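Here's the letter readout for the chains.
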Amino acid sequence: MATNEQTTMNGPSELGLALAGKYLTFRLGNEEYGLQILKVQEIIRMQMVTRVPRTPNYLRGVINLRGKVIPVVDLRRKFALEDHEDTERTCIIVVKIPQGSADVVMGIIIDDVREVLDIIAENIEETPCFGANVEADFILGIGKIGQAVKILLDIDKVLSTDELKTLKSAAGV
Amino acid sequence: MKSVTSHFSQRVCDLRECAQNFNVFDLPTFTNLFPILDDLCLAPNTPSAFKSQCDRIKKMIETAILGDAPLETTIIKLRDVITKMVKTLEKHPDYQESELKSISEITVPHQQSQENIELDSDLVKMFITNQKSQLDDFEVYVLEVEKGNNAAKEALRRYLHTLKGEFGVLDLSEYAELVHDLEGIFAANKLTMDQLLRFKDWLCKMFPTLAEGKPIRLLAQDYESFGIVKTNTDVEQQPLANTPSATTSAESKSESIQKKINLNLDPSFFADFITESREHIHTMETRLLDLEADPTAEDPINAIFRGCHTIKGLAGFLDLSEVQKVAHAMESVMDKARNHQFVLSTAHTDLLLASSDCIKDLVNRVEASLRGEDIPLPANYEEINSQLLSLDIPDSTSNIQAAPLARIGEILVDSALVPATQVEDALDKQKHGDARRLGEILMVDEGISPRILGQALGAQVQAKQQAQLQSIEESVRVPVIRLDQLIDAIGEAVIAQSMIVADSVISDLTKPATPDERDALRRKVARAELIMRQIQELSMSLRMVSVKAVFQKMARLARDLSKKLEKRVDLVMEGENTELDKSVVENIGDPLVHMVRNALDHGIETTQERRAAGKPDVARVVLRAFHKAGNIFIEIEDDGRGISRERVIKKAVSQGLIASGTNISDHDVFQLLFRPGFSTAAQVTDVSGRGVGMDVVKRNIEALRGSIDITSEEGHGSKFSIRLPLTLAIIDGMVIRVGVERFILPTLQVIETLKPKEGQIESVLGKGEIIHVRKDIVRVVRLSKVLGAKSSFNMLMDGVVVIVEDASGARCGIAADEILDQQQVVIKNIGGGMGEVPGIAGGAIMNSGEVSLILDVSGIVRLSKDVINS
């Protein structure tokens, strides 16, 4: 688009209408992502993570969240981005996602938290097919803010345990 | 005809007026109804259905007047019934048999009005929660009365009376009537205990559906099983499918069958058709009732299928498309059931009964139309058709257990019905865009039998229903004393805390403290700690429930089983007042049921065998519960035939579990019984013998962090001993360090710790290591290998070895760098997002706020074996 206008030619798509809303944006490597705000419970500083043996690489371990032990996923490793030392800006976003019948609280480690943005329907587009680092399954859509593009994540899928189960059975447990 | 009709309508108008005049305080307004109803009944050509309606109304009024049902609600119902009757008649002033018949169909078979009443769900839930505990008492009373206890009789009578009242309050007048009848028969001493127990079972079954707001209706056979003879014909009418009042639809669908009858055909064909179909319908009805009792029985399914098929054919021949349509729909349903594409449940049999009614109705109409009358279709015709056609959700009564809301793939893999690889393939396909349901993919592509899928789906539905059920069970009964103690303790905690805050040392931390002051502070802190521990114990005790309820269930089970198996058994309970955490008590029920069944089926011999062996005729099974060493023990001991070591070994060898000739201890032999699929029973009875029970039992118990042990002496009896931890949330742990990581070992499982000396450790086959501990040889497990922890030492001798023992008595030595501390830790479940992690029992929050992992000794041992083998 040549202009700085925030609207597209065609008006809001169905996908856009479904996905419009507030998103918590954060940075991971060189990319910026967005999470649906309703799933976010809190944001906490990086703390000591206790490693849990025999779990997938991207599961960094568990932390103590006010008396509750919750697992923490390293999103970089999950998306197979190159590994990085934690900086002082690294933090954990605590999300609450449905799993089975109940809601499960988990944390994700990200590089840098940005802001909460309200993304309108017109600015949300379908995920283009790129066989890139990120599996298309995990992406709800692409949000455009000005010139920048935010990848809107489907956090339920990202943190689902399906893969974990198949991994477990592969491990012969 | 005309005069009858107008007289008839006149009386109906009177009826209407009367209904409007009902007055709670003026009883004659009710009794005025009686002559009107009598008149209506006496009118010639009144169909019996209408008569029974009148009877019903009269009965309702009588019950209300006698005070056995609340007047207000009776009025509402009466008005309802009468209004409907009147409405229909007003639209068709010409008396027609079919119209009146449709009145009785449309208006209130009592069950239907119940479906329309909105049960106040809060009231219902409260009622059910109360009833659940009372039902157990009810059963106890019945068993006591059977033993001859007269005080229990009085208690029973009171219970029935209260129950009746409660049903009345909830507006479930049919149930209230049922209890009323039961009361009567009981008072006349004509009610057997078996009938009462069946009633209790029916109540148990009924409560969940009641909670959902869908009270189940009573069939004639239900009444029979409770010993009540119901002459009221409208009870025995098979009820229609769930059609909300179809008064309007009856009129709108006035396609007459007569138009469709091909008058070129010989009328005698129709006569044959009518006779034959009636025969088939009769057979179907009987078989449907069989099916209701056992939804999986093949014979009835086939018979019903054949019936529908024939009727469909006959109807087709005669061009009776309505009949054909319904018969065809019903036939497809039965076909699917026949091919095991799904399994029928009672909900389905309801629908099928309704369909067969519909067909019966249609046949009647054909007959009537032959006489020249113009008849509309049955009111619920379309409804039934669409319901039959949309029936594709399987329901099952299989044995598969599904975790609440497990997904189909998981259920299939977990129950070992389908190999995991196939499920994964199917999942893969789904992921890559295949839009079909998992079940379909598995069936079509992987060739999994529909029956298995049906079972799994059924289990899923059941599990979902269970999950919904759980939502009612949220409360616990707590003795008030405990609550008071807890409140007192909390009060003291507040005081202790303010004492610490007020302490001179704390209030000015910059000033150096004198030894006396420091002592005083230490004492205050110690006191606070003491009070905290008290609060902890008290609050956990709130969840304690006595095992009595569970044992009572066993008593009932034993009684029923002993009757069924024709063995004389005396179930003795010891220590039933022992208390356990509520969740443990809930989960211990199923394993105990398995074990009691096993004991009675396999353990206890028949009376002849016992006599031949010189044992007393009546076998003794003891259920015992007691506390010991921080654990709760529950034992089932019988004086039956015991477990034959040889048979077990033989079976194990034949199943390839152990090599023949291996030397194994008694303990291990009996542990073999816990293997899935293992059973030495020569025959599989429906009580036990499939080899499914014991491994499930073991898993359930291990899920509670307990263990189960068997001791037995052939010829004398066996004892099954379950050990459960007393406190679920806090354990004493030993903190060990491996590298920079800390792990916790439950102290109860630690036997000893030692610093290995020169020569104490040897390597075996270059792969494993063992350590000599006095005379024993114990395998050494390096946590670094098993858990990937980086140890600071390579030489075992530089660190420590902790000898641990797991629930089955297996020992191993865990090699760690250092033992740090021994402390009480709070166990937390490792976050759900990860599922089960082998070797890790949970997480513990340390003083530093960090999380440490609690090791599961059995898991570690297992892992170490894998590591060695790999």
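None of these values were measured; they are calculated from a predicted model. (Residues numbered from 1 in each chain as written. Chains lettered and ligands numbered in written order. Predicted model: local features only at pLDDT ≥ 70, side-chain atom pairs only at ≥ 80, totals over all residues. Heavy atoms only, no water.)

A. Quick look at the overall build of chain B. Along its length, chain B carries 35 helices and 18 strands. When the 870 residues of chain B are sorted by exposure, 47% land in the buried category. Within chain B, residue pairs in contact and separated by at least 24 positions form 69% of the contacts whose partners lie at least 6 positions apart. Summed over all atoms, the accessible surface of chain B reaches about 43,300 Å², with 52% contributed by carbon and sulfur. (Helix = DSSP H or I, 4+ residues; strand = E, 2+ residues; numbered from the N terminus. Buried < 20%, exposed > 50% of the residue type's maximum accessible area, 1.4 Å probe, protein only. Contact = heavy atoms within 4.5 Å. Areas by Shrake-Rupley, 256 points an atom, 1.4 Å probe, with all protein chains shown as cover.)

B. Examining a nonpolar patch on the surface more closely. All names here are of chain B. Together, Leu123, Met126 and Val169 line one region of the surface with nonpolar side chains, adding up to about 290 Å² of accessible area. Examined against the element boundaries, Leu123 turns out to sit in helix α8 (residues 121-147). For Leu123, a relative accessible area of 33% puts it in the partly exposed group. (Patch = residues over 30% accessible without salt bridge, like charges linked within 9 Å, V, L, I, M, F, W, Y side chains within 5 Å. Salt bridge = Lys/Arg side-chain N within 4 Å of Asp/Glu carboxyl O.)

C. Quick look at the sheet that holds strand β3 (residues 40-45) of chain A. Residues and elements named next belong to chain A. Ordered by their spatial adjacency, five strands build an open sheet running β3-β6-β7-β5-β4, and the pairing between neighbours is mixed. On the outer flanks of this sheet lie β3 and β4 (59-65), each paired with one strand and no other. Strand after strand, the sheet turns through a mean of 35° between neighbouring axes, direction not considered. One ladder, built from five bridges, connects β3 with strand β6 (residues 91-99); its direction is antiparallel. Counted as the bridge partner of Glu42 is Val94 from β6. (Pairing = 2+ DSSP bridges. Axes fitted to C-alpha atoms, helices over the stretch in contact; angles between N-to-C directions.)

D. The pairing of strand β11 (residues 148-153) of chain A, seen in detail. Residues and elements named next belong to chain A. Of the strand pairs in this sheet, strand β2 (residues 31-36) and β11 are connected by two bridges, and their pairing is parallel. Bridge assignment links Gly34 to a residue of β11, and that residue is Leu152. Connecting the antiparallel pair strand β10 (residues 139-145) and β11 is a turn made up of two residues, with Gly146 showing a positive phi of about 60°.

E. Expanded view of the environment of Ser173 of chain B. Here Ser173 of chain B lies in helix α10 (residues 173-187). The exposure class of Ser173 of chain B is buried, given its relative accessible area of 16%.

F. Molecular detail of the packing of aromatic side chains. Under the criterion given, the structure shown has seven aromatic pairs over all chains. With 5.9 Å between their ring centres and 20° between their planes, Phe26 of chain A and Tyr33 of chain A make a pair best called stacked. The class of Tyr33 of chain A is buried, set by a relative accessible area of 0%. When the ring of Phe199 of chain B is compared with that of Trp202 of chain B, the centres are 6.1 Å apart and the planes differ by 20°; the resulting orientation is stacked. Residue Phe199 of chain B and its partner Trp202 of chain B are both found in helix α11 (residues 193-211); the two are separated by three residues, about one turn of the helix. Here Lys78 of chain A stacks its cationic end above the ring of Tyr58 of chain A, 4.2 Å away from the centre of that ring. (Phe/Tyr/Trp six-rings, centres within 6.5 Å; stacked < 30°, edge-to-face > 60°. Lys NZ or Arg CZ within 6 Å of the ring centre and 35° of its normal.)

G. Molecular detail of the packing of helix α17 (residues 298-317) of chain B against helix α18 (residues 321-338) of chain B. Residues and elements named next belong to chain B. Interaxial distance between α17 and α18 falls to 8 Å at its minimum, and their mutual angle equals 155°. In terms of their interaxial angle, α17 and α18 are classed as roughly antiparallel. Taken as a pair, α17 and α18 cross one another with a handedness that is left-handed. Every residue of α18 that contacts α17 at Ile301, Asn302, Ile304, Phe305, Cys308, His309, Ile311, Lys312, Ala315 and Gly316 is listed here: Val323, Gln324, Ala327, His328, Met330, Glu331, Met334, Asp335, Ala337 and Arg338. Across the contact of α17 with α18, the residue classes tally to eleven nonpolar, five polar and four charged. (Parallel < 35°, antiparallel > 145°, perpendicular 65-115°, else oblique. Left-handed = near helix turned anticlockwise from the far one by under 90°. Nonpolar A, V, L, I, M, F, W, Y, C, P; charged D, E, K, R; others polar.)

H. Spatial organisation of the confidence of the model for chain A. All names here are of chain A. A residue-level look at chain A finds 82% of positions with pLDDT of 70 or above and a mean pLDDT of 80. Per-element confidence in chain A is highest for β3, whose mean pLDDT is 93, and lowest for helix α4 (residues 162-170), whose mean pLDDT is 47. Confidence over residues 1-8 falls short of pLDDT 50; this stretch has seven contacts with residues more than four positions distant or in other chains. Across residues 166-173, where pLDDT falls below 50, the model places seven contacts with residues more than four positions away in sequence or in other chains. (pLDDT = per-residue confidence, 0-100.)

I. View of the pairing of strand β18 (residues 851-855) of chain B. Residues and elements named next belong to chain B. Counting buried positions along β18 yields five of five residues, so the element is predominantly enclosed. Side-chain alternation along β18 places Val851, Leu853 and Leu855 on one buried face and Ser852 and Ile854 on a second face that is also buried. One ladder, built from two bridges, connects strand β9 (residues 741-746) with β18; its direction is parallel. Pairing of Phe743 across the sheet is with Leu853, part of β18. Inspection of the sheet shows strand β17 (residues 840-845) paired to β18 by five bridges, in the antiparallel sense.

J. Quick peek at unusual backbone geometry. Phi at Ala80 of chain A takes a positive value of approximately 55°, unusual for a residue other than glycine. Position of Ala80 of chain A relative to the elements: it lies in the loop between α2 (75-78) and β6. Look at Arg774 of chain B: it is not a glycine, yet its phi comes out positive at around 50°. Structurally, Arg774 of chain B is set in the loop between β12 (768-773) and β13 (776-782). Classification of Arg774 of chain B by relative accessible area gives exposed; the value is 69%.

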